Amino acid sequence: IGGGEGGIRLSEVPFPVERGKSAGDVPLEDIEEVVLYELRRQEGATVAAETEPGLGAVGDDSAKRRRRLRAEQKRWHPDKWSGAVRERLHADDASRIMECVAALSRALNALVSAKGDDDTRGRPPT
């Protein structure tokens, strides 16, 4: 991330969504595709396998998939960004960046929960 004079601008944050869109405006499947792209590429999955179930895409119960999503959850957690990172944000863009981080964090949480990857699996509700 940049952070030239005045701090990090919105355009410099490498959000895994199309430039100019918030994570809240992008389907979860698109976010998942971007987040898991490198993992799928490494596993040799084809474009068809990435978009059609059962053709070699990263499985719903894949340990690698869970680890990758967890890493992204940590990277985009709002608490992380509201601490030391927020101090490095450009004043004009800080609020919008934090909104995008929060939306992306919610999307990643939804992806993890939708696939049953959350830490509450097998535990009784509290």
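The structure displayed is predicted, hence computed values, not measured ones.

Draft legend 1. Molecular detail of the confidence of the model for the protein chain. With 68% of its residues at a pLDDT of 70 or more, the protein chain has an overall mean of 76. Within the model, the stretch residues 52–58 combines pLDDT values under 50 with 11 contacts to residues more than four positions away or in other chains. Note that pLDDT drops below 50 for residues 120–126; the model gives that stretch two contacts with residues more than four away or on any other chain.

Draft legend 2. Highlighting the nonpolar core. Counting 24 residues, the largest nonpolar core has Phe 15, Ile 31, Trp 76, Trp 81, Leu 89 and Leu 108 as the members making the most contacts within it. Of all the elements in the fold, those that place two or more residues in this core are helix H1 (28–42), helix H4 (78–85) and helix H5 (94–114). No other element matches the 10 residues that H5 contributes to this core. In this structure Trp 76 touches Val 13, Pro 14, Phe 15, Pro 16, Trp 81, Val 101, Leu 104, Ser 105 and Leu 108, once residues within four positions along its chain are discounted.

Draft legend 3. Main features of the packing of helix H3 (residues 63–75) against H5. Where H3 meets H5, the closest approach of the two axes is 9 Å, and the angle between their N-to-C directions is 155 degrees. Here H3 is positioned roughly antiparallel relative to H5, judged by the angle of their axes. Considering only the axes of H3 and H5, their crossing is left-handed. Facing H3, whose interface residues are Arg 65, Leu 69, Arg 70, Glu 72 and Gln 73, H5 presents Leu 108, Asn 109, Leu 111 and Val 112.

Rules used throughout
- Residues numbered from 1 in each chain as written.
- Predicted model: local features only at pLDDT ≥ 70, side-chain atom pairs only at ≥ 80, totals over all residues.
- Heavy atoms only, no water.
- pLDDT = per-residue confidence, 0-100.
- Contact = heavy atoms within 4.5 Å.
- Core = buried A, V, L, I, M, F, W, Y, C linked by side-chain atoms within 4.5 Å.
- Buried < 20%, exposed > 50% of the residue type's maximum accessible area, 1.4 Å probe, protein only.
- Helix = DSSP H or I, 4+ residues; strand = E, 2+ residues; numbered from the N terminus.
- Axes fitted to C-alpha atoms, helices over the stretch in contact; angles between N-to-C directions.
- Parallel < 35°, antiparallel > 145°, perpendicular 65-115°, else oblique.
- Left-handed = near helix turned anticlockwise from the far one by under 90°.

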